[in-house]
Amino acid sequence: MLRLSKKADYALMAMKHLAIRTDAASASAREIAEQYDIPIELMAKVLQQLARRGLLTSHQGTRGGYQLSKATTAISVADIIQAIDGPLTVTACSTDDEQCGQFAKCNVRDPLWRIKDRIVAALAMCSLAEIASDTPVGETVMPLSLSRSTPRPAAR
């Protein structure tokens, strides 16, 4: 089962928090941690990792904190997850290291790698803007219209 780490969950929560702020002020690790009941030390580490990967900008001082370094449309969910957890893997051999004893004869390795690539592509297509909005970006709701056709005469 594909599952995000707690740190990746917290990173997504923090990034959304920063994305939906109505003011342009920075948010501190303490502010974000308290808002979502996350240990402050853990939130600080997550925010530092996001800043090191260039997704956040860090400001020092009494009014310091973190801000998004790019537009919400330019940050993908894949960017956020990979900044925290590293490359996405779905199998033990996903890293090309050939450590598995079945590597040479495995008949599902390549199909599973293609599935992993699709998952990464889907996460890359989902932006922080989409996460931050109530309605997914690019998704339009088509009204369902049912019409009643005139009944056909019964066959004899």
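First, a word on scope: everything that follows refers to the structure included in this document. Sequence order as written defines residue numbering, which begins from 1 separately in each chain. Totals for whole chains, interfaces and linings use every residue, but because this is a predicted model, local features are given only for residues with pLDDT of at least 70 and side-chain atom pairs only at 80 or more, for both listing and counting. The side-chain figures draw on all heavy atoms in the structure; neither hydrogens nor water molecules are used.

Residues of helix α4 (residues 77-85) that are buried: Val77, Ala78, Ile80, Ile81, Ala83 and Ile84. Elements that come into contact with the buried residues of α4 comprise α1 (6-19), α3 (40-52), α5 (109-125) and α6 (128-132). Where α4 terminates, the next one or two residues include Gly86, which has phi positive at roughly 80 degrees. For the exposure calls, accessible area comes from a 1.4 Å probe over protein chains only, and a residue counts as buried if that area is under 20% of its type's maximum, exposed if over 50%, partly exposed in between. By definition, any uninterrupted DSSP run of H or I lasting at least four residues is a helix, any uninterrupted run of E lasting at least two residues is a strand, and each is numbered from the N terminus. Contacts: residue pairs with any heavy atoms within 4.5 Å of one another.

The next subject is empty space enclosed by the protein. Points on a 1 Å grid, built from protein atoms alone, make a cavity when a 1.4 Å probe fits but cannot get out and make a pocket when they are open with protein on both sides within 12 Å along at least 5 of 7 lines; residues with an atom within 4 Å of a point are the lining residues. Grid points are joined across faces, edges and corners, and a volume is the space filled by probe spheres set on the points. This structure, assessed with the given rule, holds one cavity of 30 Å³ or more. Computed from the structure, the largest cavity encloses a volume of approximately 30 Å³. Forming the boundary of the largest cavity are Ala78, Ile81, Gln82, Leu88, Val120 and Leu123. Where the lining of the largest cavity is concerned, the elements lending two or more residues are α4 and α5.

A few words now on the side chain of Ser127. Along the chain, Ser127 falls in the loop between α5 and α6. Given a relative accessible area of 12%, Ser127 falls into the buried group. Leave out the neighbours within four places in its chain, and Ser127 touches Thr72, Thr73, Ile75, Ser76 and Val77.

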